Every structure is written in C-alpha cells, then in structure tokens.
Amino acid sequence: MDVRLLVFCKAPLPGRVKTRLAAGIGDAAALAAYRAMVANVLGAADASGLPAIVYYAPAEELPAARELCGPDRTFRAQAEGDLGARMAAAFTATLREADAAVLIGSDLPLVTGEVLTRAARELAGNDAVLGPATDGGYYALGLTRAGYCPALFTDMPWSTATVAALTRARLAAAGKSLALLPELPDCDTPDDLRTLLAAPPWRRRLEKTPFGRFLASLPAVTV
C-alpha cells in the first residue's frame, strides 16, 4: 500500500503556538517546548520510512515552517476553516494520490517510528486506525480511501475529552473497521508537562530526544 504520513504543524511564532502551555511557563519556554516536540515528531516520521507531508499553518508562513522542519521536506499549506475542515482537506487531497494516509499532530513527544509504522500496517486490513490520547482526544488518525468518512470532521467538539470516543462511534455507525494504536499523552498544558516530568518510564524514553533535552533544561520552579 502507498501510505502517506501527514504532519500537522504551526509556524513557530511567539505567542501563536502552545498558548495553554505558555499561560503557565511563558511564551519563550512554550515556543522552545514546541520546537522540541516537532523535532521528536519529525524524527519519528523519518524513522517510520513513510513518505511525509508537512501541513503547516498559517499559509503565508512557509519560510518559518521550513526553518522549523528543515527545507528538504514536502510542504503544503493547511486549508482554511476549523481543525475538522483542515484535516478533511488534507485527507481528501492525499487520498487522490495514495491508498491511505495517517495524520498526526506535532505535539507528541512520545510518538515513535514504530508506532507510525504500525499505523500504516494496520491500514492494510482495516478502514481506519486511531491513536487515542490520554486526554480523550487522539494523536493519530489513519484512513484508507474506503475508510474516509466526512462525519469524522464535522460538528466535532475539538479539544475536548470526547473526541476519540465520538470518532470511534461515527466510524462504527458508518460501518468502517477500526484498529487502535497504543494510548499516548500529548503536551498542551502545564499539567501535561508536569505529568511527563513525573513519570519515570516516559522520562527515560524521552531522555536522548530533543524534547527530553528541553525537559532537562527546565528549572524546577518553571512547572
């Protein structure tokens, strides 16, 4: 199967990324955290061997996206609209070219190449694959052409704890088969950051990564 990896990211603009995290640790530290998370995600993308497309926003910030992700990648601007509209547009464009696509965010410090490879492999026998996040959302959504379902992207309460459950319910209602990936945390808030700092297994997994180095650089009073 031809499976493409779609990485959603924002240009690294101070005050425009990780705003909930910035409320607790400041704009500069939140931006540094975001850069480190993107580096982890792109490292996993490269390790997976899947052809990757970086979908960036806002559309006029391609130079900043290239600076963040490296110039030797394929970049496409995200569409206008809410998250659902932007995701739907990315899937629609990619599924014209490929058999399947896996979309991930850029705030997933613990995602690995193995997880992404597994996502692609699951799509050989399922219509969809979902990576549930510990906050009730999801960090990855993969769809085949047959699995594409418009209901996944409309009237969805994004950034709430019901997104993954609703996505699963809508796939089931549409008769689509689904495989699940391991649950992983994202990092949106100071509480998320404290959780990553306090969990020894996660700290060990992150230790030699860009995000692990960011965590090690934080003074204790920051979080």
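Further up the page is the structure itself.
The structure displayed is predicted, hence computed values, not measured ones. (Residues numbered from 1 in each chain as written. Predicted model: local features only at pLDDT ≥ 70, side-chain atom pairs only at ≥ 80, totals over all residues. Heavy atoms only, no water.)

1. A look at the sheet that holds strand β1 (residues 3–10)
Backbone-to-backbone hydrogen bonds pair the strands of a sheet. The strands run either parallel or antiparallel.
And then number 1: The sheet built from 7 strands is open, its strands ordered β3-β2-β1-β4-β6-β5-β7 with mixed pairing. Every other strand in the sheet has two partners, leaving β3 (74–77) and β7 (178–180) as the edge strands with one partner each. Taken pair by pair, the neighbouring strands of this sheet meet at an average axis angle of 20°, ignoring direction.
And then number 2: Two strands pair when backbone bridges link them, and strand β2 (residues 52–57) and β3 are joined in this way by 4 bridges, in the parallel orientation. The partner of V54 across the bridge, within β3, is F75.
And then number 3: In the packing of helix α2 (residues 27–48) onto the sheet, the strands contacted are β1, β2 and β4 (100–104), and the crossing angle to β1 comes to about 175°.
And then number 4: Where helix α6 (residues 163–173) meets the sheet, it contacts β5 (128–132), β6 (138–144) and β7, and its direction lies at approximately 15° from that of β6. (Pairing = 2+ DSSP bridges. Helix = DSSP H or I, 4+ residues; strand = E, 2+ residues; numbered from the N terminus. Axes fitted to C-alpha atoms, helices over the stretch in contact; angles between N-to-C directions. Contact = heavy atoms within 4.5 Å.)

2. Focus on helix α5 (residues 113–122)
And then number 1: Every buried residue belonging to α5 is among G113, V115, L116, A119 and A120, and all of these are buried. End-on, the buried residues of α5 take up no more than an arc of 165°, which puts them together on one face. Every exposed residue of α5 that faces more than 90 degrees away from the buried side is listed here: E114 and R121.
And then number 2: Summarising the contacts, the buried residues of α5 are in contact with β1, α2, β4, β5 and β6. (Buried < 20%, exposed > 50% of the residue type's maximum accessible area, 1.4 Å probe, protein only. Arc of directions from axis to C-beta.)

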